[in-house]
Structure formats: structure tokens, C-alpha cells
Protein chains: 2
Amino acid sequence: MALIRSVFQDELDSISQSLVDLTEMVALSMTNATIAILNCDLKLAEEVIASDEKIDAFQHDIDTAIIDTIARQQPVASDLRALVTALRMGADLERMGDLSNHIAKVARLRHPECAIPAELIEIIKSLGDYSVSITKKVSIVISSRDTDLALEVERDDDVIDEIHRKLIGSLVNPQMSYNTEKAIDLTLIGRYYERYADHAVSVSRRVYFLVTGKYPA
Amino acid sequence: MALIRSVFQDELDSISQSLVDLTEMVALSMTNATIAILNCDLKLAEEVIASDEKIDAFQHDIDTAIIDTIARQQPVASDLRALVTALRMGADLERMGDLSNHIAKVARLRHPECAIPAELIEIIKSLGDYSVSITKKVSIVISSRDTDLALEVERDDDVIDEIHRKLIGSLVNPQMSYNTEKAIDLTLIGRYYERYADHAVSVSRRVYFLVTGKYPA
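Remember, predicted model here, so these are calculated numbers, not experimental data.

Draft legend 1. Expanded view of the overall build of chain A. Check the secondary structure of chain A and you find 6 helices and 0 strands. For chain A, the sequential pattern of α-helices and β-strands runs α-α-α-α-α-α. Relative to the 2.2 N^0.38 estimate, which gives 17 Å for 217 residues, the radius of gyration of chain A is 19 Å and therefore close to what a compact globule would have. Each principal axis of the C-alpha atoms in chain A carries an extent, and together these give about 70 × 35 × 25 Å. A burial count over chain A gives 53% of its 217 residues as buried. A fraction of 81% describes how many contacts in chain A between residues 6 or more apart in sequence connect residues 24 or more apart. With 23 positive and 35 negative side-chain charges, chain A shows a spacing of 3 Å between the two charge centroids.

In C-alpha cells, the structure reads:
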């Protein structure tokens, strides 16, 4: 049997591939933002900050393509829902780019000082590692629609939340005494990683919903 | 000349009215969240937290109505853009509800203690007052499409950002010495107000764009 593919299906595939590409741009941004903040690397921080504009522009292009597809193809039911979901995934991914940008901006603001004190490097490194790893999984979830992997993304987010709580616990540990500026920086950095992961989960849940008709429990 | 209105136009108006209603729910939530955190009022905090579910459900209903309208009316060009923009405004408003919910949750977490130290009550009160006032303006911007008022929303956000910087300045003032838990709470509370206002501006800018075809400078 020959595969007969519609123009519409090709457009959907192309949008999905663009979202995968966007996810990979975001993963790179988060990789570099974490290295920049851990190594107090101004040059890399600047690179992340500059790349945010490209992420925004690319997301904007994807949005335009999606709206154009809706206008031309006039899809209904599940096809329309898939396109609306793609718009939302693009918005989540763009926001993830903003959040890694925020991390890079703290690195830049504190340079030549280091934003992360030595005893918290490991914990921030794990937040970064898990964030990048979850983003790479999200990229596979988008292209493969693998619902088992989507559930893994949920579990990874639980781990990130746990590490985040550990960070807050370390901050309020009475044996450590952080000055307020440091406490503010670390609170915000922790928040940026946590929100980043929330958006990754949101993308993954949207795919899960498209495939199964319900959200993960 | 008799006014001839299409079913489609009626549907757009109804969606716009629903967004206005949602904005008013969010304004009430922020009003109460601010009172709850300033007065260490557990009962009111619980009310805000309970109302978030209603906000989420209402936004979900609006989304469903919008997608349904797109499916049935198959709009193109500016009508389609208006509907996609309405989806995005709903998402911004829902997030604003989350953020006032977060403020209420800090009030609940610290009860019977007060999250806000006496010397910062004024500054948090202004953040709350401006946030509620900007939300009420956004509600009028949505219903009236008043672009001058949309520009006022931008200026109000600048004021909120300025108050937020003042809050951070008060926190790091070496004459004050906040323990780390307090510094974390106040950093997050400040961040919630700041992000709340960002989303309000985002709604207003979307309306401005629909009317003028460009974003405010």
C-alpha cells in the first residue's frame, strides 16, 4: 500500500519538527546558562543572552506558520486541537528560553564575582543537569509522541522540585549565613530552574493529552 | 441604517466579555491576596487559594468556546488573529490568578506569623494597589480597546518595576538585617507581583496590537 500523505499532514509534521528544533535551541541555552553561572563565565553568559532573541524570533515564525495553517486548512476537531496545542507548546518553550536567559543575566550581573558559592555548586549543577536532560526528553516526546517518556518527564520534574527544596533548605540552614544579596540571587536562580522545569512538563503533558485524550495523573 | 450583526461578531463579543469577567475575577483574587498577606489573614488566604480553581475552570471554558468558534466559523485573517490572541490573553490572565494564589500561599504558610515585616508593609501595599489598579485598567482595555489606556498600563508597569526595585533595595539595605527565610519570602513575593504585572501588560499589549497592528514602543 502506498503511503498517501496530505499536504495538511506534511504541514503538521513540519510544525512538529520546528518545535523539536526550538526545544533543542532551548536545551543549548540552558546548558550554557548553567555553565556560565557555575564558572562565572561572562562570555558564555553574553552568548546565552544574545541567543534569546533568536529563540523568540524562531518561536514567532512557528506561531505564524501555525496560524497560517489554521487559516488555509480550516481544520476541525483533533487537527485544530493539535495546532492550538502547538501554539501553546511554542509559548512554553519560548518562556523556557527566557528563564535560562535570566540565569545567564545573574551570572553577568555578578561577574567578576561568582553568583554561586562553592558549597552550592553541586546542587545548582544538578538543577542544570536535570533541566537539560528533561528538555532533551521533551524534544523526543514531541517528535515520537512517546507517552511513557512523557511520564518520565513528570518524574524528573519531581526530582527537580526535590533538589529545589534542598537548595532552599541549604539557604535557611542556620549554620550557613548568606548575606541578603546572595540569598536573593539564589532564591531567584532556584525559582528560574523550577519554573523552567514546570514549562518542560507542561509541553510534555500537552503531547500526552493529544495522544491519550487525558492528562497524566 | 440598521445595524446588521453577524453570529460571528456576537461570538467574538461574548468571548471578549468572558475575558473581562475573568479579569475581574483575577483583580478580586489579587485584592484579597494582598490584604491576606498584609493582615496575616488565614481565612482570606484560604479564600484566594480556593478561588484559583474557579479561575482555572473559567479560563478553560473560555478556551473551549474560542476553539469551538474557530472550528465552526473557520475565520481567516484578522478574525482568526483576534481569536488566537484571545486564547493567549486567557492564558496570561490564568497565570495572574496563579501568582496571586502564590502570594496567598505565603500568607498561609507563615500564619500565625506575618510574612511582611512592619517596615515593608507600605511597599507591599503599593505593589498590591498598583497591581489591582493595572488589572482594572486591563479589563477596560479589553472591553473598550482603548489604546491610550493600554499605554497607561505600560507606564503603570514601569512604576511597579520601580517599587519592586525599591523592595529589593530595602532588603539588601545593610542597616536592615533580614534572616534568610524572610529574605526568601520577600524575594518571591516581590517576584510574584512583578510577574503578575508583566502578564497584565502582556494582555494590554495584545489588545493594542489587535487595534493598531503594532506593539507599543
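Now, onward.
Draft legend 2. Inspection of the state of the cysteines at higher detail. Residue and element names in this part refer to chain A. Considering all chains together, one arrives at 2 disulfides over all chains under this definition. Note on cysteine connectivity: C40 is disulfide-linked to C114, with sulfurs 1.6 Å apart. The S-S bond linking C40 to C114 shows a torsion near 100 degrees; that makes this disulfide right-handed. Here the residue C40 occupies a position in the loop between α1 (7-39) and α2 (42-73), and C114 occupies one in the loop between α3 (77-110) and α4 (121-144), the gap between them amounting to 74 residues. Its relative accessible area of 15% is what places C40 among the buried residues.

Draft legend 3. Inspection of the side chain of E194 of chain A at higher detail. In this structure, E194 of chain A sits in helix α6 (residues 180-212). If we skip the residues at most four places from it in the chain, E194 of chain A touches D161 and H164 of chain A.

Draft legend 4. Summary view of the packing of helix α1 (residues 7-39) of chain B against helix α2 (residues 42-73) of chain B. Residue and element names in this part refer to chain B. Interaxial distance between α1 and α2 falls to 10 Å at its minimum, and their mutual angle equals 165 degrees. Of the possible angle classes, the one that applies to α1 and α2 is roughly antiparallel. As α1 packs across α2, the resulting crossing turns out to be left-handed.

Draft legend 5. Highlighting α6 of chain A. Residues and elements named next belong to chain A. In this model, α6 (33 residues) spans 47 Å end to end at C-alpha, consistent with the 48 Å of a helix rising 1.5 Å per residue. The element α6 is largely enclosed, with a buried count of 24 among its 33 residues. Its side-chain oxygen 3.1 Å from the backbone nitrogen of E181, N179 forms the N-cap of α6. Positioned one or two residues after α6, G213 has a phi angle of 80 degrees, which is positive.

Draft legend 6. A look at the interface of chain A and chain B. With 26 residues of chain A in contact, the opposing surface of chain B contributes 26 residues. Between chain A and chain B, a total of about 2,300 Å² is buried, with carbon and sulfur atoms accounting for 66% of that surface. Summed over the shared surface of chain A and chain B, the result is 2 salt bridges. We note a salt bridge from D63 of chain A to R88 of chain B, for which the minimum N-O separation is 2.5 Å. Viewed at the interface, chain B and chain A are joined by 3 residue pairs in polar contact (both at pLDDT 80 or more). Contributing elements (two or more residues each) for the side of chain A that touches chain B: α2, α3, α5 (147-172) and α6 of chain A. Among the elements that make up the side of chain A that touches chain B, the one with the highest residue count is α6 of chain A (9 residues). Classifying every residue of the side of chain A that touches chain B gives 16 nonpolar, 4 polar and 6 charged.

Draft legend 7. Representation of the packing of aromatic side chains in the model. Using the criterion set out here, one finds 2 aromatic pairs over all chains in the structure. Centre to centre, the rings of F209 of chain B and Y215 of chain B are 4.5 Å apart; their planes meet at 25 degrees, and the pair counts as stacked.

What counts, and at which threshold
- Sequence order as written defines the numbering, with residues in each chain counted from 1.
- By the order in which they are written, chains take letters starting at A while ligands take numbers starting at 1.
- Residues qualify for local features only when their pLDDT is at least 70, as the model is predicted, and side-chain atom pairs are given and counted only at 80 or more; totals for whole chains, interfaces and linings, by contrast, use all residues.
- As a rule here, side-chain values cover all heavy atoms of the structure and leave hydrogens and water aside.
- Helix and strand assignments come from DSSP, with helices taken as H or I runs of at least 4 residues and strands as E runs of at least 2, each series counted from the N terminus.
- We compute the radius of gyration over the C-alpha atoms and compare it with the globule rule, which gives 2.2 Å times the number of residues raised to the power 0.38.
- Note on exposure labels: buried denotes an accessible area under 20% of the residue type's maximum, exposed denotes more than 50%, and partly exposed covers the range between, all computed with a 1.4 Å probe on protein chains only.
- Note on definitions: a residue-residue contact is assigned when non-hydrogen atoms from the two residues lie within 4.5 Å.
- Lys and Arg are tallied as positive, Asp and Glu as negative. Neither His nor the chain termini are counted.
- The atom standing in for a charge is NZ when the residue is Lys, CZ when it is Arg, CG when it is Asp and CD when it is Glu.
- Note on terminology: pairs of cysteine sulfur atoms within 2.5 Å are recorded as disulfides.
- Axis definition: a line fitted to C-alpha atoms, limited for helices to the stretch in contact. Angles are taken between N-to-C directions and run from 0 to 180 degrees.
- For classification, angles of less than 35 degrees are called roughly parallel, those exceeding 145 degrees roughly antiparallel, those between 65 and 115 degrees roughly perpendicular, and all remaining angles oblique.
- In this scheme the handedness of a crossing depends on how the near helix is turned from the far one: anticlockwise by less than a right angle means left-handed, clockwise means right-handed.
- Multiply 1.5 Å by the residue count of a helix minus one, and that product is the helix's expected span.
- Think of a polar contact as two N or O atoms within 3.5 Å of one another; within protein, one of them needs to be a possible hydrogen donor and the other a possible acceptor, and neighboring residues in sequence only count if both atoms come from side chains.
- Buried area counts how much accessible surface, traced with a 1.4 Å probe, disappears from two parts once they are put together, with both parts' losses summed.
- We define a salt bridge as a contact between a side-chain nitrogen of Lys or Arg and a carboxyl oxygen of Asp or Glu at a distance within 4 Å.
- Put simply, Ala, Val, Leu, Ile, Met, Phe, Trp, Tyr, Cys and Pro go in the nonpolar bin, Asp, Glu, Lys and Arg in the charged bin, and everything else, Gly too, in the polar bin.
- Each aromatic pair joins two rings of Phe, Tyr and Trp (for Trp, the six-membered one) with centres within 6.5 Å, and gets the label stacked for planes under 30 degrees apart, edge-to-face for over 60, and tilted for any other angle.

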